[in-house]
Amino acid sequence: MSLPAKPLPPSLSGREAIHVRGLRLWAHVGVLEQERELGQWFELAFSLFHDLGPAGRSDDLALSLDYGLAIQALQEQARQVRCLTLEHYAERIMERIEQLYGLVPQHVILTKCAAPVSGFSGLVQVERWRHLPAAD
């Protein structure tokens, strides 16, 4: 269902990251009132860019970013969110990630699994980046 991952921007090439793919979320998001009332499936992929070396050497989760916290927080958020656009929903997702981990560089791709457009069976996605480091 998901599209392949895109190449990283030059500022993140060669950097370490935690990637979460295929997180299915039922949320009440859409321009049509019926979408907001009934809800629908979304699929989320997100990446958190972080130095994983200290956690890798010590096996100490406190030195990494616990992706389980994000998954649970985003599942809870999906049950509560009500908005019109994918762009706004993606913004809310990024804000929640920031609340958990601070200003960590992040990448989000939010997919609407079944857009209610007559004669269209493809995917609609928004892609967002936040807190990118300066290019090397």
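The preceding data block contains the structure.
Analysis parameters
Each chain has its residues counted from 1, following the order in which its sequence is written. The model is predicted, so local features are restricted to residues of pLDDT at least 70 and side-chain atom pairs to those at 80 or more, both for listing and for counting; the totals for chains, interfaces and linings are taken over all residues. Where side-chain values are given, they derive from all heavy atoms of the structure, hydrogens and water being excluded. The rule for a salt bridge is simple: a side-chain nitrogen of Lys or Arg has to be within 4 Å of a carboxyl oxygen of Asp or Glu. The numbering of helices and of strands both runs from the N terminus, where a helix is a DSSP run of H or I of at least 4 residues and a strand a run of E of at least 2. Throughout, exposure labels follow a simple rule: accessible area from a 1.4 Å probe, protein chains only, divided by the maximum for the residue type, with under 20% read as buried, over 50% as exposed, and the rest as partly exposed. Contact definition: two residues touch when any of their heavy atoms are within 4.5 Å. Here a strand pair is declared whenever DSSP counts at least two bridges between the two strands. Here an axis means a line fitted to C-alpha atoms, over the contact stretch when the element is a helix, while the angle between two N-to-C directions is reported on a 0 to 180 degree scale.

**Q** What should I look at first to understand the pattern of salt bridges in this one?
**A** A side chain of one charge can pair with a side chain of the opposite charge if their charged atoms are brought near each other. Summed over all chains, the structure comprises five salt bridges. When the shortest N-O distance is used, the salt bridge between Glu91 and Arg130 registers 2.6 Å. With Glu91 in helix α4 (residues 86-101) and Arg130 in strand β5 (residues 124-130), the pair connects residues that are 39 residues apart, well separated along the chain. With a relative accessible area of 15%, Arg130 lands in the buried category. Where salt bridges share partners, they join Glu91, Glu98, Arg128 and Arg130 into one cluster.

**Q** What is the right way to read the environment of Ala78 from this model?
**A** You can see Ala78 is positioned in helix α3 (residues 67-80). As for Ala78 and Tyr89, which are separated by 11 residues in sequence, their C-alpha atoms are 9.0 Å apart. Setting aside residues no more than four positions away along its own chain, Ala78 makes contact with Leu25, Trp26, Ala27 and Tyr89.

**Q** I would appreciate a short explanation of the sheet that holds strand β4 (residues 106-112) in the present structure.
**A** Hydrogen bonds between backbone atoms are what pair the strands of a sheet, whose relative direction is either parallel or antiparallel. One open sheet holds the five strands; their spatial order is β3-β1-β2-β4-β5, and the pairing between them is mixed. The open sheet has two free edges, formed respectively by β3 (82-83) and β5, since each of these has just one partner strand. Looking at chain direction, strand β1 (residues 17-29) and strand β2 (residues 40-49) are connected through nine bridges and run antiparallel. When the sheet's bridge partners are listed, His19 is paired in β2 with Ser47. Running at roughly 15 degrees to β1, α3 makes contact with β1, β2 and β3 of the sheet.

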